[in-house]
2 protein chains.
Amino acid sequence: MAGRKNQEVVITSIRRFLRMGATTNLLNILEKERPADLAEVFRHLSDRERRSAFDLLVARDRSRAMEALSELGAESGASLLEGRSAEDVSKLLAELPPDDAVGLVQYLPGELAETVLDLLHRKDSSEVVELLQHAENTAGRLMNPRVFALSEETTSGEAVAKLQQAGGKELFFYVYVIDDRNHLVGVVSLRRLLLVAPSAKLRDIMTSDVISVGIDSDQEEVAKLVTSYNVVAVPVVDAENRLVGTITVDDVIDIIKDETTEDIQKIGGSEALDEPYVDTPFWTLVKKRARWLVVLFLGEMLTATAMGYFEKEIARAVVLALFVPLVISSGGNSGSQAASLIIRALALGEVKLHDWWNVMRREIFSGLALGGLLGVVAFIRIVSWHFMFGSYGDNWLKIAFTVSIALVGVVMWGTLSGSMLPFVMKRLGADPAASSAPFVATLVDVTGLIIYFSVAAIVLRGTLL
Amino acid sequence: MAGRKNQEVVITSIRRFLRMGATTNLLNILEKERPADLAEVFRHLSDRERRSAFDLLVARDRSRAMEALSELGAESGASLLEGRSAEDVSKLLAELPPDDAVGLVQYLPGELAETVLDLLHRKDSSEVVELLQHAENTAGRLMNPRVFALSEETTSGEAVAKLQQAGGKELFFYVYVIDDRNHLVGVVSLRRLLLVAPSAKLRDIMTSDVISVGIDSDQEEVAKLVTSYNVVAVPVVDAENRLVGTITVDDVIDIIKDETTEDIQKIGGSEALDEPYVDTPFWTLVKKRARWLVVLFLGEMLTATAMGYFEKEIARAVVLALFVPLVISSGGNSGSQAASLIIRALALGEVKLHDWWNVMRREIFSGLALGGLLGVVAFIRIVSWHFMFGSYGDNWLKIAFTVSIALVGVVMWGTLSGSMLPFVMKRLGADPAASSAPFVATLVDVTGLIIYFSVAAIVLRGTLL
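Residues numbered from 1 in each chain as written. Chains lettered and ligands numbered in written order. Predicted model: local features only at pLDDT ≥ 70, side-chain atom pairs only at ≥ 80, totals over all residues.

For the rest of this paragraph, the subject is the confidence of the model for chain A. Residue and element names in this part refer to chain A. Looking at chain A, pLDDT values average 89 and 97% of them are 70 or higher. Mean pLDDT values for the elements of chain A range from 81 in helix H10 (residues 127–131) up to 95 in strand E4 (residues 213–214). Quick note on the complex model: pTM equals 0.85, ipTM equals 0.85. (pLDDT = per-residue confidence, 0-100. Helix = DSSP H or I, 4+ residues; strand = E, 2+ residues; numbered from the N terminus.)

Take a look at the structure:
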């Protein structure tokens, strides 16, 4: 593997050679690096440098250049193709497996993308066009339609011969077996193929209990399947069980990463960016954050309304206002903890929708325990400050009780809302991750105020209030 | 694949047969399911049912039973072994690849684990014991030490013959090539092995540019390597480049999931649970949440101190208190957004430590844009309420300005702290994910109050204050 230090040397050399116009030296370096390493190097170059290096590499070794571009990710990869003619782009895309090409086409500027698709279509390489017919995030869009399938009557020896003709650089571990009407009937691992006699028929050596996914399956389902059955590729079938493509484990890893990125961004309270942070244009970034921020802000305005109801109490006992941020934020914090724990447990399938009752029982007790703990800490703090600084006047003990009791209630309520909100989201068909930390905090802020001032009204009645 | 409906039928039948003591029927079902499906079924059974079903299966087909147990996860799997004799457990563990056995041993009760390890050691199956010598979360702990390696002089035909003797059910795609002192010198894919003449020497057909990981490498590094080079297994070497094991892509997927689970739990403001939510004992769950909650609470107490400084201002202008939650929570929300975006971008390597300055510039402008937006919304809200309800007295316009200007400052500050805190964490060698939403919110609450009341002091001087 290329170490970090080595990489820095490579980048520095490439920069120097680019400046000097030393094309031969430059190409010598570029040709030695693995596609993934090239992509990493490209990431560290400026836009101009990257484009020059890529153009030089294209002229020398088109297939290698496109592999590196593909590793760079669809977004940045596509930007390297902009400015070329549609004819040129379609030729370059033909170097890649159709599923990778589709990813790139999606990020090309609209007009260029259309012309390119048109050209690909006319050239009988309509695979890319076909993949695009399927909805985003489905197996049909993600699969590689070039699948190595043979009939049941093929012998192991014939299969090896066909394998030799097939070529291709994709991850490749299974031979799929189909009947005369293209139905998927079995699978043979390369390993098994190695171990049987050349005369053995696939029918007799195949596993007929094949794990497959439907062409319309959601990508999340594909990921779950590959993960739980520990396979490195899964065949994709249409409604009639006809083999139409495969999805390999490297794509599944990308799916898993994308899904968790989305979850984390939502938990943080923004919309999913759908592209790397650094590649997201400034105003898109602002827009994806602004929407939720404004919604939360409108919700949070209810705190001003709630506080307005207690304006007289605050005027009479300003000391109450001092603890407002402390009390409500504790509810938000405990709610944020509970929400993220449950969102992740739901995403991993550790907790199912019907477990809500068990979770609720557990979280009520967690909330009481945590709230009790914070209540004690707050009590000690207020009492200490009273004896040390005389901060809270004659009613210090009642204030200490107000804050402590309110904390138990608010933290319990925060924990409960935080843990139940993801279930509610899921039940409504929304993404549980949308019950973000800020969302829970906002919810708890408003209700927390009401809890706090209600406790105050009871405890302080007749003295401060 | 077993559909959901099918699974429910299976579970119902198993329950019924268990109650009836219909062992033969029960075993017929258990033997037909795939290990991963069995594990899923086990998850839906009660503890007692699960144990009975597992015990029956062990008696019939020990290897199958252990595969299912392994799929169940280390935690729950280990609990199914408790109560058996150490002799028994060590025999059962021998059915699994050493890396899976290690996972289980770690979760056995201390005394049982020790006796089991002792037994395994005495029986010359010391692989498990050796794996446990390596630190947790390193390649050495995770690898499967049973690796298929051959010398450079081996011919392709001999390799196939040895493969036939080897057996084993593990994911298996590469033959590693070693020199006479066990140094890793090359790799041959099964596919290549299929396509070359039986007389070809491995030396001549191998790829000598092997991607490998050191035995002490962190699991995160292993995952990055497998992901970026699109391989399905990676060899593990010691300091002298001697081949000592392999890590397969299914383990890498588990690593990726565990790492993101940890990140999400930390972002939510608790410690990483290190085990599934449902399997975490109640008091462990409370402890893992309490620690951060108390730390944040102590931090948040500074809000009470800060508010204390402004007590006189609040007493003179109670209306100021009404907007405290609104203003500070907006800072917390925007900070939480920024933090989670940056934490994820850092985890994916989209953003590196040295990019902090670019991110900071970008986030300052994002913060200004978002703060400006919320400022406008707040202004409209206060002015409207004034005209509709006369809520805010004579100084309504000044109050509107105070809140709006404070919002710009607080949101900008929230965005900035949220985006920079993960960098600071990383720089200090801590996990960027520790800059959780609640942490950022707490930080911003305290400073937000100061910003708000300072703006108020300037805008309202001579009128309300």
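Turning next to the domain arrangement of chain A. Splitting chain A by domain gives domain 1 (4–137), domain 2 (149–252) and domain 3 (277–459). Placing a centre on the C-alpha atoms of domain 2 of chain A and another on those of domain 3 of chain A gives a separation of 52 Å. (Domains from an automatic or database assignment.)

Turning to the sheet that holds strand E2 (residues 174–178) of chain B, a few remarks are in order. All names here are of chain B. Reading across the sheet, the 3 strands line up as E1-E2-E3 and stay open at both edges, with mixed pairing between neighbours. Both outer strands of the open sheet, strand E1 (149–151) and strand E3 (184–189), are each paired with one neighbouring strand and no more. Strand-to-strand twist across the sheet, computed as the mean angle between neighbouring axes with direction ignored, equals 35°. As paired elements, E2 and E3 share 5 bridges and run antiparallel to each other. What sits directly across from Tyr176, in E3, is Val187. (Pairing = 2+ DSSP bridges. Axes fitted to C-alpha atoms, helices over the stretch in contact; angles between N-to-C directions.)

Residue and element names in this part refer to chain A. Burial analysis of strand E5 (residues 233–237) places 5 of its 5 residues in the buried class, which makes it a mostly covered element. Pairing analysis gives 2 bridges linking E4 to E5, with the strands arranged parallel. In the strand pairing of E5, Val213 is matched with Val236. One ladder, built from 5 bridges, connects E5 with strand E6 (residues 243–248); its direction is antiparallel. In the strand pairing of E6, Val236 is matched with Gly245. The antiparallel pairing of E5 with E6 creates a hairpin that spans 5 residues between the two strands, and Asn241 there sits at a positive phi of about 65°. (Buried ≥ 20, exposed ≤ 12 C-beta atoms within 10 Å, placed from the backbone.)

This next bit is on the interface of chain A and chain B. Listed as interface residues are 96 residues of chain A and, on the opposing side, 96 residues of chain B. With 16 residues, the single largest contributor to the side of chain A that touches chain B is helix H20 (residues 324–347) of chain A. Each residue belonging to the side of chain A that touches chain B can be placed in one class, and the counts come to 59 nonpolar, 24 polar and 13 charged. (Contact = placed C-beta atoms within 7 Å. Nonpolar A, V, L, I, M, F, W, Y, C, P; charged D, E, K, R; others polar.)

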